[in-house]
Amino acid sequence: MSDLPLPLQALNRQLVWDGFKQLLPISLFVTVFGVAFGLAATQAGLENSSILMMSAWVFAGSSQFAALELWGTHVAVIPLMITVFAINARHLLMGATLYPWIKHLPPAKRYGVMCLVSDANWAMSMQAFNRGEPGLGLVLGGGFALWLFWMIGTWLGMAFGSAIQDPRSLGLDMVMGCFMLSMVIGGEKNGRIVVIWILAACSSLLAYRYLPENTHVIVGALAGGILGAVWMEKNHEH
């Protein structure tokens, strides 16, 4: 057996399985929010098939909850599309940051991987890349774990959701935020990264205070992304 390290863009069954296992703990908390969504969607009058299809195809908790706020007898399609795009705009930058490693994959596999990108598995994959380890298994395997438990939670919410009507009352709304903060703290540390994070955070807070709802997501991501693109790190090959 060769002990040569795998290339960073490597993607095989073992890496996918390892990624699935690594994301299982946070996936259990995702189930709770799936329960809340399933219940909320049922109360909003959506049919069970529509609820499951939304969770399966959209797979974006925040934008799904936002969509429910705009749901009614006459759905305002354009505002709904704008709201969902605004909340999920950060995925544009996630895709850009992953491109150096996914560009080697065949198109079908590349877009299949990107369908399962979310905040948690993206953050863990970027940490792996920064350590010089393959990260695409975390994106695909971890993404499937998150998707699977989101679907299970959605189904449970449709059937038994009244048991957890408000996850925030249990402090569960802080789980993902704390997880993402731990990814930042445990990630690469240098002056450039710190300045980028500070600019992104400050920009997002100002946008949250002064701009329309949900635009803080775009503003923070763009501010940090643009500074990162302009202030390039000294060239190094992985």
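Nothing here was measured: the structure is a model prediction, and the numbers come from that model.

A. Structural view of a nonpolar patch on the surface. A cluster of nonpolar side chains, V77, I78, M81 and I82, forms an exposed patch at the surface whose accessible area comes to about 420 Å². Along the chain, the position of I82 falls in helix α4 (residues 77–88).

B. Spotlight on α4. The first and last C-alpha atoms of α4 sit 16 Å apart over 12 residues, in line with the 16 Å expected at 1.5 Å per residue. Taken together, the buried positions of α4 are L80, T83, A86, I87 and N88.

C. Structural context of the layout of surface pockets. What the second largest pocket holds in volume is close to 400 Å³. Considering the residues around the second largest pocket, the lining is formed by 15 residues, among which W57, V58, F59, H91 and C115 are closest to the centre. Counting residues per element, the ones that place at least two in the lining of the second largest pocket are α2 (48–57), α4 and α5 (90–102). Sorting elements by how many residues they give to the lining of the second largest pocket places α4 first, with 3 residues. Of the residues contributing to the lining of the second largest pocket, the split by class is 13 nonpolar, 2 polar and no charged.

Rules of the game
- Residues numbered from 1 in each chain as written.
- Predicted model: local features only at pLDDT ≥ 70, side-chain atom pairs only at ≥ 80, totals over all residues.
- Heavy atoms only, no water.
- Patch = residues over 30% accessible without salt bridge, like charges linked within 9 Å, V, L, I, M, F, W, Y side chains within 5 Å.
- Areas by Shrake-Rupley, 256 points an atom, 1.4 Å probe, with all protein chains shown as cover.
- Salt bridge = Lys/Arg side-chain N within 4 Å of Asp/Glu carboxyl O.
- Helix = DSSP H or I, 4+ residues; strand = E, 2+ residues; numbered from the N terminus.
- Expected span 1.5 Å × (residues − 1).
- Buried < 20%, exposed > 50% of the residue type's maximum accessible area, 1.4 Å probe, protein only.
- 1 Å grid on protein atoms, 1.4 Å probe; cavity = no way out; pocket = protein on both sides within 12 Å on 5 of 7 lines; lining within 4 Å.
- Points joined across faces, edges and corners; volume = space filled by probe spheres on them.
- Nonpolar A, V, L, I, M, F, W, Y, C, P; charged D, E, K, R; others polar.

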